[in-house]
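If you want the building blocks of each chain, they are given just below.
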Amino acid sequence: MITNLLVANRGEIARRVFRTCRELGIATTAVHSDPDAGAPHVREADAAVRLPGAAPADTYLRADLIVRAALAAGADAVHPGYGFLSESADFARAVLDAGLLWIGPPPAAIAAMGSKTAAKELMAAAGVPVLGALTEPTEADLPLLVKAAAGGGGRGMRVVRSLADLPGELAAARAEAAKAFGSDEVFCERYLPAGRHVEVQLLADAHGTVWAVGDRDCSLQRRHQKVIEEAPAPGLPAEVRAGLHAAAREAARAIGYTGAGTAEFLLTGDGRFFFLEMNTRLQVEHPVTEAVTGLDLVALQLAVAEGEALAPEPPAPGGHAIEARLYAEDPAKDWQPATGTLYRLELTLPYQEFTGAGAGAGAGAGTGAGAGTGTGTGRGTGLRLDSGVEAGSEITPHYDAMLAKVIAWAPTRAAAARRLADALARARIHGPATNRDLLVRALRHPAFLAAELHTGFLAEHAAELTAPDGKGADRAALAAALADAAGRRGALPSGWRNLPSQPQLKRYRAEDGTETAVRYRLTRAGLLAEDHPGVELVEAAPDRVVLSEDGLRRTYRVARYGDRVHVDTPAGGTVLTALPRFPDPTVRTEPGALLAPMPGTVVRVVAAVGDTVTAGQPLLVLEAMKMEHRVAAPADGTLVELCATPGRQVETGTLLAVVQPIEA
């Protein structure tokens, strides 16, 4: 029996595992890097052990430090979460060699799936359809997908559409893979941009029972990383679904698998499917499976590790669940990651958090699948928020950009999509830029609602999903100005005069760069807004403004942090920057200057001073939030200054290079 569990991870997955441990009566131990010393997962654990340093390579990827931490804290088991060392056979062996219980599959099974190329060969021998690796690609094989053999999550992956680009992309993929996974092995396979990414949740015990716990569609991706996932995968013919489940079970049996895992497949339009990889851990998107089955997959992981037997069959899914990953990034700026203080993250009621079914649901011979009675209720509870951050958390460039996962369940897919889109639109998210608007638009997109899903969905509809939405921004600016006036003048409306006077002037800049000037007067007759005739002020407070126009009343909730103003309505949020009335003439940017768009580390420089460059040509590569980002020339010209060197850490706005534009 497990009495004290250490989670070798951070953020929301650590908190997720701790929730189940509290229900089961298991003590918990956290580990943390220096930037995570005050993180929620650290406070929620019964004990915490410091891993000195900030970079993952010095902290969460140090197997020796984590094993030592578990022993020092008196833990008797280790749960790896996902990412970091969760799929390291060496780490699993180190945990077992230390006399600790490993919450995961046997090290041999992890090793068997640790290389995608070796895994494909093993699965082909077991009769599972695979998309073969290409040793000598030709023009007929284009487009190609270069992939890291030892890891996933979009790192070490490149799409190649010309053989001339292949050598460079292979080199870049190898460099990124070596840094992320400790192995520079990469391979090529055919890229099927219209394919669907469908996966099967597996759970196996040590007594020979292998569950295929339903399936999920994870096709909506950016940079080969999942953004929206759902269960069950919509629109699959019964024979295709049955074939996927059977292939997944065969994959698990072929390697003697136990515990939770996921078999991932690429599904073509004609119903064929090919094995991609097997993730020998819990998936980020496991909540949608919990929502439709009522299971607690973490509780089941622990039960299997303790030797309990699964029921003969898993529960059948009920209803539909969709998960959206909320990232700190700007999709309109090539998914540029964002950092800074997260001031607020809250979902508007009605809202009920759930964590899956009760402890041990479905485990133990004869107990019946899905019969748990824990504090969470799993199926049918509506909304769930899984997050590793909270108000006041600092979003740093050291870790993944995901802030939270929002999950909605409903009896039908359409109802789940509507519920999730509404919850995201109403959410109050204040701080760094996020992909919230893209998520809402994707969930409401006709093609998504029609289940026209494929891995190129977000790229195909990028223009619609990321286009600036100026609708309502002018009203938000007016509300921001009136809230500011109420805060400064108390009960006396700002600008109130017995005699006519000049209007008050406020200037704001929206996220897309457009500027709005608000001119208004508050008189005995009410609000006189020069640019908004017919708008009436009903109520104004520093955090709440109510406006009426043609009998239609709208409420704006306003929050200001320095010069940043967040204006929220039930239809969504608007972020504004309050501008000074008169621009500072001393603030100038040198023409052709290339500034760091984010904090990060320079990992490669691919140009030299004196080079003739073209607009959009990559000059260097920054690493931030576990991803590489190419920084390109702003215009055609000559690279006359280069301030970036590999290994240098830079902050947002740091001068990286200067391109002298070609004179017209």
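Residues numbered from 1 in each chain as written. Predicted model: local features only at pLDDT ≥ 70, side-chain atom pairs only at ≥ 80, totals over all residues. Heavy atoms only, no water.

### A few points about the overall build of the protein chain
Line of reasoning, step 1. Each helix and strand counted, the protein chain has 16 helices and 38 strands in total.
Line of reasoning, step 2. A compact globule built from 664 residues would reach a C-alpha radius of gyration of about 26 Å, and the protein chain, at 27 Å, matches this within 12%.
Line of reasoning, step 3. Along the three orthogonal principal directions, the C-alpha set of the protein chain runs to about 85 × 65 × 55 Å.
Line of reasoning, step 4. The long-range fraction of contacts in the protein chain, counting pairs at least 24 apart against all pairs at least 6 apart in sequence, stands at 64%.
Line of reasoning, step 5. As displayed, the protein chain offers around 27000 Å² of accessible surface, 52% of which is attributable to carbon and sulfur atoms.
Line of reasoning, step 6. Where the 66 positive side-chain charges of the protein chain centre and where its 78 negative ones centre are 6 Å apart. (Helix = DSSP H or I, 4+ residues; strand = E, 2+ residues; numbered from the N terminus. Rg over C-alpha atoms; globule rule 2.2 N^0.38 Å. Contact = heavy atoms within 4.5 Å. Areas by Shrake-Rupley, 256 points an atom, 1.4 Å probe, with all protein chains shown as cover. Lys, Arg positive; Asp, Glu negative; His and termini not counted. Charge placed at Lys NZ, Arg CZ, Asp CG, Glu CD.)

### A closer look at the nonpolar core
Line of reasoning, step 1. Counting residues in each nonpolar core, the largest one holds 72 residues, and the members touching the most others are Leu5, Ile228 and Phe448.
Line of reasoning, step 2. The element contributing the most residues to this core is helix H11 (residues 413-426), with seven residues.
Line of reasoning, step 3. Sequence-distant contacts of Phe448, defined by excluding residues within four places in its chain, comprise Leu220, Ile228, Glu230, Ile322, Arg413, Ala417, Ala442, Leu443, Leu453 and Phe457. (Core = buried A, V, L, I, M, F, W, Y, C linked by side-chain atoms within 4.5 Å. Buried < 20%, exposed > 50% of the residue type's maximum accessible area, 1.4 Å probe, protein only.)

### As for the sheet that holds strand E33 (residues 612-613)
Line of reasoning, step 1. Spatial strand order, E31-E38-E36-E33: four strands in an open sheet with antiparallel pairing. Every other strand in the sheet has two partners, leaving strand E31 (593-595) and E33 as the edge strands with one partner each. (Pairing = 2+ DSSP bridges.)

### Structural notes on the pattern of salt bridges
Line of reasoning, step 1. Within this structure, the stated rule accounts for 47 salt bridges.
Line of reasoning, step 2. Its salt-bridge partner being Arg16, residue Asp296 comes within 2.8 Å of it at the nearest N-O pair. One end of the pair, Asp296, is in the loop between helix H9 (286-293) and helix H10 (297-305); the other, Arg16, is in helix H1 (residues 11-24), with 280 residues separating them in the sequence.
Line of reasoning, step 3. Across the salt bridge formed by Arg475 and Asp474, the nearest N and O atoms sit 2.9 Å from each other.
Line of reasoning, step 4. Beyond isolated ion pairs, a larger network of salt bridges with shared partners links Glu199, Arg216, Lys226, Glu229, Glu264, Glu285 and Arg325. (Salt bridge = Lys/Arg side-chain N within 4 Å of Asp/Glu carboxyl O.)

### Digging into the pairing of strand E28 (residues 552-561)
Regular strands have side chains that alternate between both faces of the sheet.
Line of reasoning, step 1. Looking at chain direction, strand E27 (residues 544-549) and E28 are connected through six bridges and run antiparallel. Its bridge partner lying in E28, Arg544 is registered against Arg557.
Line of reasoning, step 2. Joining the antiparallel neighbours E27 and E28 is a turn of two residues, in which Asp550 adopts a positive phi near 55 degrees.
Line of reasoning, step 3. Strand direction decides the pairing type here: E28 and strand E29 (residues 564-569), joined by five bridges, are antiparallel. Residue pairing across strands places Arg557 opposite Asp568, the latter belonging to E29.
Line of reasoning, step 4. Counting the residues in the hairpin turn of E28 and E29 gives two residues, including Gly562, whose phi is positive at 65 degrees.

### What to know about the environment of Gln660
Line of reasoning, step 1. With respect to the helices and strands, Gln660 occurs in strand E38 (residues 655-661).
Line of reasoning, step 2. Separated by 495 residues in the primary sequence, Gln660 and Asp165 place their C-alpha atoms 27 Å from one another.
Line of reasoning, step 3. For Gln660, the residues in contact, after removing those within four places along its chain, are Asp636, Gly637, Thr638 and Val640.

### Quick look at the sheet that holds strand E1 (residues 4-7)
Line of reasoning, step 1. A sheet is described by the order of its strands in space; here five strands give the open sequence E3-E2-E1-E4-E5, paired in parallel fashion. Of all the strands in the sheet, just strand E3 (47-50) and strand E5 (101-102) have a single pairing partner and so form its edges.
Line of reasoning, step 2. Strand direction decides the pairing type here: strand E2 (residues 27-32) and E3, joined by four bridges, are parallel. By the bridge assignment for E3, Ala30 is matched with Ala48.
Line of reasoning, step 3. Sitting on the sheet, H1 touches E1, E2 and strand E4 (77-79), and the angle it makes with E1 is about 170 degrees. (Axes fitted to C-alpha atoms, helices over the stretch in contact; angles between N-to-C directions.)

### Section: the side chain of Ser33
Line of reasoning, step 1. Among the structural elements, Ser33 can be located in the loop between E2 and helix H2 (40-44).
Line of reasoning, step 2. Accessibility expressed as a relative area gives 0% for Ser33, which makes it buried.
Line of reasoning, step 3. Here Tyr399 takes part through its side chain, which lies 2.5 Å from a polar atom of the side chain of Ser33.
Line of reasoning, step 4. Not counting residues up to four positions away in its chain, the partners in contact with Ser33 are Leu51, Gly53, Ala54, Thr59, Tyr60 and Tyr399. (Polar contact = N/O pair within 3.5 Å; in protein donor to acceptor, adjacent residues only side chain to side chain.)

### Description of the packing of H11 against helix H12 (residues 436-444)
Line of reasoning, step 1. Where H11 meets H12, the closest approach of the two axes is 9 Å, and the angle between their N-to-C directions is 155 degrees. Comparing their axes, H12 and H11 come out roughly antiparallel. The way H11 lies across H12 gives a crossing that is left-handed. Each of Ala417, Leu420, Ala421, Asp422, Leu424 and Ala425 in H11 lies in contact with H12, whose residues at this interface are Arg436, Leu439, Val440, Leu443 and Arg444.
Line of reasoning, step 2. Within the contact of H11 with H12, the residues separate by chemical class into eight nonpolar, no polar and three charged. (Parallel < 35°, antiparallel > 145°, perpendicular 65-115°, else oblique. Left-handed = near helix turned anticlockwise from the far one by under 90°. Nonpolar A, V, L, I, M, F, W, Y, C, P; charged D, E, K, R; others polar.)

### A closer look at the packing of aromatic side chains
Line of reasoning, step 1. Counting across every chain of the model gives six aromatic pairs.
Line of reasoning, step 2. On the basis of an interplanar angle of 85 degrees and a centroid distance of 5.6 Å, the ring pair of Phe265 and Phe273 is categorised as edge-to-face. Residue Phe265 shares its accessibility class with Phe273, and that shared class is buried.
Line of reasoning, step 3. Ring centres 4.2 Å apart and planes at 10 degrees place the aromatic pair Tyr343 and Tyr561 in the stacked group. Here Tyr343, found in the loop between strand E17 (340-341) and strand E18 (344-346), pairs with Tyr561, found in strand E28; they are 218 residues apart in sequence, far enough to count as distant.
Line of reasoning, step 4. Relative accessible area serves as the criterion here: at 40%, Tyr343 is assigned to the partly exposed category.
Line of reasoning, step 5. An aromatic cluster is defined as three or more aromatic residues linked by ring pairs; in this entry it consists of Tyr60, Phe84 and Tyr399.
Line of reasoning, step 6. Sitting over the ring of Tyr399, Arg10 keeps its end group 3.9 Å from the ring centre. (Phe/Tyr/Trp six-rings, centres within 6.5 Å; stacked < 30°, edge-to-face > 60°. Lys NZ or Arg CZ within 6 Å of the ring centre and 35° of its normal.)

### A word on unusual backbone geometry
The phi torsion of most residues other than glycine is negative, and most of the peptide bonds are trans.
Line of reasoning, step 1. The residue after Leu142, namely Pro143, is reached through a cis peptide bond having omega -5 degrees.
Line of reasoning, step 2. By the element assignment, Pro143 lies in the loop between helix H6 (116-125) and strand E6 (144-148).
Line of reasoning, step 3. Residue Pro232 is reached from Ala231 by a cis peptide bond, and omega for that bond is -10 degrees.
Line of reasoning, step 4. Residue position: Pro232 is located in the loop between strand E11 (225-231) and helix H8 (238-254).
Line of reasoning, step 5. A positive phi angle is found at Phe84, which is not glycine, with a value near 50 degrees.
Line of reasoning, step 6. Residue Asp334 is not a glycine yet carries a positive backbone phi of 55 degrees.
Line of reasoning, step 7. With respect to the element layout, Asp334 can be found in the loop between strand E15 (329-330) and strand E16 (336-337).
Line of reasoning, step 8. Taking relative accessible area as the criterion, Asp334 reaches 53% and is therefore assigned exposed.

### A word on the side chain of Asp215
Line of reasoning, step 1. Relative to the assigned elements, Asp215 resides in strand E10 (residues 210-222).
Line of reasoning, step 2. Within the structure, Asp215 has its side chain in polar contact with the backbone nitrogen of Ala233 (distance 2.9 Å).
Line of reasoning, step 3. With near-sequence residues (within four places) excluded, Asp215 lies in contact with Val198, Glu199, Val200, Glu230, Ala231, Pro232, Ala233, Leu236, Arg241 and His245.

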